[in-house]
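Close look at the chain arrangement
As a plain string of letters, each chain reads:
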Amino acid sequence: MAYLNDNYLKLKSGYLFPEIARRVSAFCQANPEAAKRLIRCGIGDVTEPLPPAAIRAMHAAVDEMGKRETFRGYGPEQGYEFLRHVIAQNDFRDRGLDIADDEIFVSDGSKCDCGNILDIFGHQNGIGVMDPVYPVYVDTNVMAGHTGPADDGGYSGLLYLPCTAENGFVPELPSEKVDLIYLCYPNNPTGATAAREQLASWVNYALNNRSIILYDAAYEAYISDSAIPHSIYEIPGARDCAIEFRSFSKNGGFTGTRCAFTVVPKSLNAATSDGKWTSLHPLWQRRMTTKFNGVSYPVQRAAEALYTVEGKEQVRALVQHYMGNAQVLRKGAKTAGLNVYGGVNAPYIWVQTPPGITSWQAFDRILNEANVVITPGSGFGSKGEGYFRISAFNSRANADEVARRLQALKW
Ligand SMILES: *Cc1c(COP(=O)(O)O)cnc(C)c1O
């Protein structure tokens with residue numbers, strides 16, 4: 001008899017986005033006229049086409065693949081040297097951060113890496129996640145058997161770190177010990193950023209407890225405030241206690257093209273089950289070479305092109321476009337009399353629902369009366385109740401229209 005992984009049966013059945021889809025489709029069926037003016041500000045996916053520099057590089061790479069002399073088969077599993085080098089140079093060394101080319105591991109996505117990273121950790125770790133949270137961190141720990149069953153508050157066995165308006169959506173240090181801590185800044189879904197001192201207190205916590213921070217910086221390109229760190233490695237000591245996830249999805253618009261990278265410093269250690277302090281870098285190297293066969297050559301060339309002078313300019317323009325939307329949406333929600341967070345250094349606006357209105361009630365109101373799809377905050381965790389997320393990934397015309405409609409809503 002074959003046995004399945006029972007942990008999968010603990011998963012709350014992909015509740016959030018299927019439920020949104022169900023309500024939107026029911027609404028559209030019942031209201032075919034209103035359906036025509038529906039605007040989606042729900043799922044966090046980019047809308048604008050790829051930067052021309054990436055397109056050109058990809059075309060050229062495809063042509064290389066079409067000629068015997070320049071054809072390439074399997075590449076290095078960890079990524080081509082040309083890409084690892086420009087990443088380490090531009091994103092880290094040019095900013096004064098000590099990261100070597102071979103500490104960069106290129107992959108097909110940060111979502112995948114956030115999940116796969118658990119391969120190199122033991123099962124005895126205490127896990128801390130933010131609440132509200134990007135569901136991937138939670139669900140991959142459930143799949144790995146690191147939790148008990150779920151109840152309304154979340155999964156037993158995980159330590160949920162409350163992120164509230166009072167703490168600026170940056171969790172306080174826990175009183176109990178956690179070994180792996182997931183932090184994501186700028187944050188999805190709250191749009192919050194963490195100040196240098198706040199990150200420093202987490203790095204000190206990790207160093208003191210021999211814990212590891214899993215730092216998701218997928219939105220670092222959206223930081224406009226020069227005081228806010230783009231990388232956890234801007235904090236002294238982080239090389240010894242943090243792994244950083246980066247992605248080309250939200251800066252270069254690569255959500256459908258697929259390329260990201262993970263930084264695993266060679267000075268990062270964790271304990272063997274008999275207590276020997278041991279480097280993790282060779283384990284991740286081994287994991288990638290065994291279970292991954294590299295990102296396609298044309299895609300790695302496209303990612304490389306984002307670091308050229310014109311590529312950087314085009315990425316900046318993309319980010320500016322979305323952040324212009326964020327400004328419009330923030331203003332719209334504020335003018336509507338709502339309490340608004342985020343949307344300044346991140347492409348998400350986190351809006352407090354009016355008193356007495358739950359996240360899902362706000363969702364239904366906004367869908368029915370404004371014909372706009374947002375994401376109910378409660379879908380990201382119990383501390384997301386009382387909020388909803390508006391995504392700034394859209395055309396400017398749609399952002400303008402959503403702002404107008406939000407202002408016209410009477411709560
Ligand atoms: C979009 C996003 C990513 C990027 O995921 P990819 O798999 O690289 O597309 C990572 N983390 C968070 C929190 C995100 O919202």
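Residues numbered from 1 in each chain as written. Predicted model: local features only at pLDDT ≥ 70, side-chain atom pairs only at ≥ 80, totals over all residues. Heavy atoms only, no water.

1. Some thoughts on the site of the ligand
Of all residues adjacent to the ligand, which total 14 residues, the nearest are Asp216, Tyr219, Ser247, Ser249 and Lys250. Separating an oxygen atom of the ligand from a backbone N or O atom of lysine 111 is a distance of 3.0 Å. Lysine 250 has a polar side-chain atom sitting 3.3 Å from an oxygen atom of the ligand. Residue composition of the shell around the ligand, by class: five nonpolar, five polar and four charged. (Near = heavy atom within 4 Å. Polar contact = N/O pair within 3.5 Å; in protein donor to acceptor, adjacent residues only side chain to side chain. Nonpolar A, V, L, I, M, F, W, Y, C, P; charged D, E, K, R; others polar.)

2. Focus on the domain arrangement of the chain
Domain parsing of the chain yields domain 1 (9-49 + 311-408) and domain 2 (55-307). Spacing between the C-alpha centres of domain 1 and domain 2 amounts to 26 Å. Each partner contributes to the interface: domain 1 provides 30 residues, whereas domain 2 provides 45 residues. Carbon and sulfur atoms make up 62% of the surface buried where domain 1 meets domain 2, a total of about 2,900 Å² over both sides. When the buried surface of domain 1 facing domain 2 is broken down by residue, Lys10, Asn345 and Phe380 rank first, second and third, together holding 23% of it. One can count zero salt bridges joining domain 1 with domain 2. The interface formed by domain 1 and domain 2 includes 13 residue pairs in polar contact (both at pLDDT 80 or more). Only α10 (309-335), β13 (340-342), β14 (348-352) and β17 (387-391) provide two or more residues apiece to the side of domain 1 that touches domain 2. Within the side of domain 1 that touches domain 2, the residues separate by chemical class into 16 nonpolar, eight polar and six charged. (Domains from an automatic or database assignment. Contact = heavy atoms within 4.5 Å. Buried area = accessible area lost by both parts, 1.4 Å probe. Salt bridge = Lys/Arg side-chain N within 4 Å of Asp/Glu carboxyl O. Helix = DSSP H or I, 4+ residues; strand = E, 2+ residues; numbered from the N terminus.)

3. Structural notes on the pattern of salt bridges
What the rule picks out here adds up to 22 salt bridges. Across the pair lysine 291 and aspartate 119 runs a salt bridge, and its minimum N-O distance is 2.8 Å. On the criterion of sequence distance, the pair formed by lysine 291 in helix α8 (residues 281-291) and aspartate 119 in the loop between α5 (110-116) and β3 (127-131) is long-range, its members being 172 residues apart. A residue is classified by how much of its surface remains accessible, and aspartate 119, at 40% relative accessible area, is partly exposed. The partner of arginine 196 in a salt bridge is glutamate 234, and the shortest N-O contact between them spans 3.3 Å. (Buried < 20%, exposed > 50% of the residue type's maximum accessible area, 1.4 Å probe, protein only.)

4. Some remarks on the packing of aromatic side chains
Summed over all chains, the structure comprises 22 aromatic pairs. Look at tyrosine 80 and tyrosine 297: their rings are 5.4 Å apart centre to centre, the planes differ by 75°, and that puts the pair in the edge-to-face class. Remark: tyrosine 297 occurs in helix α9 (residues 297-305) and tyrosine 80 occurs in the loop between α3 (52-65) and α4 (81-92); sequence separation between them is 217 residues. Side by side, tyrosine 80 and tyrosine 297 carry an identical accessibility label, which is buried. Taken together, a centroid distance of 5.9 Å and an interplanar angle of 85° make the contact between phenylalanine 169 and tyrosine 387 edge-to-face. In this pair, phenylalanine 169 sits in the loop between β6 (158-162) and β7 (180-184) while tyrosine 387 sits in strand β17, placing the two residues 218 residues apart along the sequence. Each member of the pair phenylalanine 169 and tyrosine 387 is classed as buried. Three or more aromatic residues link up through ring pairs in this structure, and these residues are Phe92, Tyr233, Phe248, Phe254, Phe261 and Tyr307. Sitting over the face of the ring of tyrosine 80, arginine 72 holds its NZ or CZ atom 5.2 Å from the ring centroid. (Phe/Tyr/Trp six-rings, centres within 6.5 Å; stacked < 30°, edge-to-face > 60°. Lys NZ or Arg CZ within 6 Å of the ring centre and 35° of its normal.)

5. Considerations on the packing of helix α1 (residues 16-30) against helix α11 (residues 359-370)
As a packed pair, α1 and α11 sit with axes 11 Å apart at the nearest point and diverge in direction by 35°. The two elements α1 and α11 meet at a crossing, and its hand is right-handed. The segment α1 lies against α11, with Leu16, Glu19, Ile20, Arg23, Val24 and Phe27 engaging Trp360, Phe363, Asp364, Leu367 and Asn368. A class-by-class count of the residues in the contact of α1 with α11 yields seven nonpolar, one polar and three charged. (Axes fitted to C-alpha atoms, helices over the stretch in contact; angles between N-to-C directions. Left-handed = near helix turned anticlockwise from the far one by under 90°.)

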